[in-house]
Every structure is written in structure tokens, then in C-alpha cells.
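As a plain string of letters, each chain reads:
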Amino acid sequence: MKLKDFYKEIKKLGKEDTFTLKIKWIKKEVKAMAEYITKSGLQYIKIVFTDKSFLYVPKNEEELYFSENYSIDTGVDDKDIGVKEIIKYNDVNYYLENKDDYQFVKRLYVWGIQDIEGEVRFSDYIPKNGDDILSLWWTSVDNKRCDLNPVSLDMKEVNINKNK
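Residues numbered from 1 in each chain as written. Predicted model: local features only at pLDDT ≥ 70, side-chain atom pairs only at ≥ 80, totals over all residues. Heavy atoms only, no water.

K.L.:
Quick question: what am I supposed to make of the packing of aromatic side chains here?
P.N.:
For any pair of aromatic rings, the description consists of the separation of the ring centres together with the inter-plane angle of the planes. Taken as a whole, this structure holds 6 aromatic pairs when the rule is applied. Ring centres 5.6 Å apart and planes at 35 degrees place the aromatic pair Tyr36 and Tyr44 in the tilted group. Each member of the pair Tyr36 and Tyr44 is classed as buried. A centroid spacing of 4.9 Å and a plane angle of 55 degrees characterise the contact between Tyr102 and Phe104, whose relative ring orientation is tilted. The class for Tyr102 is partly exposed, based on a relative accessible area of 21%. On the accessibility criterion, Phe104 (35% relative accessible area) is partly exposed. (Phe/Tyr/Trp six-rings, centres within 6.5 Å; stacked < 30°, edge-to-face > 60°. Buried < 20%, exposed > 50% of the residue type's maximum accessible area, 1.4 Å probe, protein only.)

This is the structure in C-alpha cells:
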């Protein structure tokens, strides 16, 4: 399945049915799911699973991103985010890719207020030679810091299981 088709199918299932995903052949129960748009024009869906892992599904890109941990503590200082062009995390240099963006909720599908974020202010960093994203952000509700570091995931490693 192409990513574009996967995006449409996930949206449809979020509206109509409950579903689970298998990621790397491990069943993942959906706990929360929302669709977002940013002021820079990015559109994506985030799915948080009951085991606190998550899947990032961009609408107009070619890759999915997955992390075993929905939120991590990177130790990056607040004052450096969106200011420093290079941030070091886990001995890897990450380069500023998307500065001072803002995420708006387009639609909540499955959610609890503590399960998935709403609006956030963020900056994204990417490594020169890597397959991950370092997204550093604050929630607009309480200015809580939450960072993400998902890695690229091949579509062949994801299967949809419809629950009726």
C-alpha cells in the first residue's frame, strides 16, 4: 500500500471503526489519534498506542515514522530550540529543518485529553545521514515540553487490522 492510500485508510477507519495496527509484526492497540496541520503547511496524523509508542503519518511525504516512546526527554535547553542551527542529541548532530512552527488540531478521532497533544509550538531537526526526526515542542495548554525522536518505518512493516 502506498503512503497516500494508507493515510486515507487510517482517516476512514478513525471515523468509522476501531482498528489496531501491526508494526514490525507486533500488535499495537490505538489509544489516541488526531490529524494536524501546521502554519507551514505540513499535514499529518499521529497515532498513540496503549504501550505509549506512536506513529507519525505525513500526508504528502514518502515515509512513515515510528517511535517506541511517544515523548522523550532530550535534555535540549529551551533557549536553544529554533535558535541553534545544530543540536547534538545521542552523539548525533541534528540540523534545523523547520523553525518555530505551530501545530493546529484538524480533527480528533480517538482521544483523551491526557493521551495526545493538541496545539503545540515546535521546531524540527534532522541529521545529515539518518532516518529520524528530532521534534522539540511545547504544548499550548500548559507550555509542557515534549520531545519526539521517531525513525523512518517501511510501509511493509505496517499492517492494518480492522476491528468490527
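K.L.:
Where do I start with helix α1 (residues 3-16) in this structure?
P.N.:
Within an α-helix, residues lying three or four positions from one another point in the same direction, as the helix has 3.6 residues per turn. Taking 1.5 Å of rise per residue, the 14 residues of α1 would be expected to cover 20 Å, and the 20 Å separating its terminal C-alpha atoms lies within 8% of that figure. The complete set of buried residues in α1 reads Leu3, Phe6, Tyr7, Glu9, Ile10, Leu13 and Gly14. (Helix = DSSP H or I, 4+ residues; strand = E, 2+ residues; numbered from the N terminus. Expected span 1.5 Å × (residues − 1).)

K.L.:
Got a minute to help me understand the side chain of Glu117 in this structure?
P.N.:
Take Glu117: it is sitting in the loop between β7 (92-110) and β8 (120-127). On the basis of relative accessibility, which here comes to 6%, the residue Glu117 falls in the buried class. Reaching out from Glu117, the side chain makes a polar contact with the side chain of Gln103 at a distance of 3.1 Å. Sequence-distant contacts of Glu117, defined by excluding residues within four places in its chain, comprise Tyr36, Lys46, Tyr70, Gln103, Trp137 and Thr139. (Polar contact = N/O pair within 3.5 Å; in protein donor to acceptor, adjacent residues only side chain to side chain. Contact = heavy atoms within 4.5 Å.)

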